[in-house]
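Residues per chain, in single letters:
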Amino acid sequence: MCSRVWFLTERRIQDLYPQMSILRALRQRCSEEEVEFRALVMDQIVLTVTDGQLGLCIDHDVVTSYPQVVVVRVPTPAVQSDSDITVLRHLEKLGCRLINRPQGILNCVNKFWTFQEMAGHGIPLPDTFSYGGHDDFAKMIEEAEPLGYPLVVKNTRGRFGKSVILARDKQHLSDLTHLIQHDAPYLFQKYMQDSHGKHIRVVVVGGRVIGSTLLFSTDVRIQSNRSQGGMGMMYSLSEHGKQLAIQSANILGMDICSIDLFMKDDGSFVFSEANANVGFNAFDQACNVDLGSIIADYALSLLPSRLTRKMSMQSVVSSTSETSEPEVCAQASAIPENLYTMCVSSPSSESDPDLAEVQHSSTVSHLQHSALPGPSYTVNKIITSQVKA
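It should be emphasised that the depicted structure is a prediction, and the values quoted were computed from it without experimental measurement. (Residues numbered from 1 in each chain as written. Predicted model: local features only at pLDDT ≥ 70, side-chain atom pairs only at ≥ 80, totals over all residues. Heavy atoms only, no water.)

Caption draft 1: Layout of helix α4 (residues 111–118). Buried within α4 are the following residues: K111, T114, F115 and M118. Along the axis of α4, the buried residues cluster in a sector spanning 95°; they form a single face. Among the structural elements, α3 (102–109), β8 (128–129), β9 (151–155), β11 (186–190), α7 (239–252) and β16 (269–275) are those in contact with the buried residues of α4. Where α4 begins, the capping side chain belongs to N110, and its oxygen is found 2.8 Å from the backbone nitrogen of F112. Phi for G120, located one or two positions after α4, is positive at around 85°. (Buried < 20%, exposed > 50% of the residue type's maximum accessible area, 1.4 Å probe, protein only. Helix = DSSP H or I, 4+ residues; strand = E, 2+ residues; numbered from the N terminus. Arc of directions from axis to C-beta. Contact = heavy atoms within 4.5 Å. Polar contact = N/O pair within 3.5 Å; in protein donor to acceptor, adjacent residues only side chain to side chain.)

What follows is the structure, encoded as structure tokens:
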């Protein structure tokens, strides 16, 4: 059986760095491995049900041979369930292995949907409330009181740190009722004081941590996203933090994602959110790696021929050693191990403003070459000293 890999994205983001990097790497790897490859955008595909069977047409041609693996890049949380997800569901029903799967993407589209998936698995989560109906924000003024003040308010489909507000008190929350847009429900979240203006972003591919970064605000705002004026630096994440990120990605069903973690002064972490469409141009520059190639290697490792070979090798190993703990998510076995231990990452999660190139200002340069803080390090002092310098 001929091995086939497709790369599927949207026309509006196809020329951005992450998509171009993955496309280049997939073409090269597939050529080297003699794997049939095709790159597509969503609007080329027509979905069919003919004589009771699912089918596809691409640019007016009927598809007769489907890929075993499809690498997907769709912008979240802007993904449309009635169009993009419909295409992905169709491909999955045809037997294609999608990276990422449609359900995993949906789990990250809405921030409260993410918490619904994460709950009940022993993952530390901040207490979070939401509501039914787009216009019921006002009723939460009373309902959210058990969370205490200050209180974090977020649009469930917000991104890049937008529509994130720290309500000082009940009156402030009431004033917000007339200011917010009701395009999507909001969530109300217990304020994580230890992590004000800072969080850890962890990039996970195939159940392994590729790297992590500390993102922090340069002023008093709660947002630490680069698009909101925040900055980033390399961060050496503890083993506990890595395992928390991996477990979170597995719960959400994500092959490739970034996991954001709140920091606590005692060195522990609390889950914040997940991003299904990882941006990585700043990541590649910061750590001098090619994440597009890592993703391509992982995609090819999921081809049936590769999985069969891997299972045969595991069978040989298991016959001469103790039975190991089963993998929850297929591992990116083709990725060099040294890449897994590099604790660096991009301060970006989506194919949009957060993907700006790494800044080369004296402040950022000094931060990037400073001794890396440990998990329990509070960055307030370094932020103050560097920003005021």
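Caption draft 2: Here's a closer look at the side chain of Q19. Within the fold, Q19 resides in helix α1 (residues 17–33). Here Q19 falls in the buried class, since its relative accessible area comes to 0%. A polar contact is formed between the side chain of Q19 and the backbone oxygen of I13, at a distance of 2.7 Å.

Caption draft 3: Quick peek at helix α9 (residues 291–301). In terms of residue burial, α9 counts as a mostly covered element, since 11 of its 11 residues are buried. Taken residue by residue, α9 has L291, G292, S293, I294, I295, A296, D297, Y298, A299, L300 and S301 as its buried positions. N-capping of α9 is provided by D290, with a side-chain oxygen placed 3.2 Å from the backbone N of G292.

Caption draft 4: Summary view of the pattern of salt bridges. Summed over all chains, the structure comprises 11 salt bridges. In this structure, the salt-bridge partner of R97 is D255, at a minimum N-O distance of 2.9 Å. One end of the pair, R97, is in strand β7 (residues 97–99); the other, D255, is in the loop between α7 and β15 (256–263), and 158 residues separate them in sequence. For R97, a relative accessible area of 18% corresponds to the buried category. (Salt bridge = Lys/Arg side-chain N within 4 Å of Asp/Glu carboxyl O.)

Caption draft 5: Seen up close, the confidence of the model for the chain. Chain-level statistics for the chain give a pLDDT mean of 79 and a share of 72% at 70 or above. Across residues 320–389, confidence stays below pLDDT 50; counting only partners more than four residues off in sequence or on other chains, it has 166 contacts. (pLDDT = per-residue confidence, 0-100.)

Caption draft 6: Geometry of the side chain of S212. Of note, S212 is situated in strand β13 (residues 208–216). Taking the relative accessible area as the measure of exposure, S212 reaches 1% and is therefore buried. Within the structure, S212 has its side chain in polar contact with the backbone oxygen of Y235 (distance 2.9 Å).

Caption draft 7: Structural view of the nonpolar core. Among the nonpolar cores identified, the biggest contains 29 residues, and V5, L26, V71, I99, V205, F283 and L291 are the most heavily contacted of them. Among the secondary structure elements, those contributing two or more residues to this core are β1 (4–9), α1, β6 (69–73), β12 (198–205), α8 (281–287) and α9. Ranked by residues supplied to this core, first place goes to α9 with seven residues. Ignoring any residue separated from it by four or fewer positions in sequence, one finds I99 in contact with V69, V70, V71, V72, D255, I256, Y298, A299 and L302. Residues L244, I246, A249 and I259 belong to the second largest nonpolar core, which totals 28 residues. (Core = buried A, V, L, I, M, F, W, Y, C linked by side-chain atoms within 4.5 Å.)

Caption draft 8: Inspection of the state of the cysteines at higher detail. Under the counting rule described, the total for this entry stands at zero disulfides. Looking at C257, it has no disulfide partner, and the nearest cysteine sulfur is the one in C108, 6.5 Å off. (Disulfide = S-S within 2.5 Å.)

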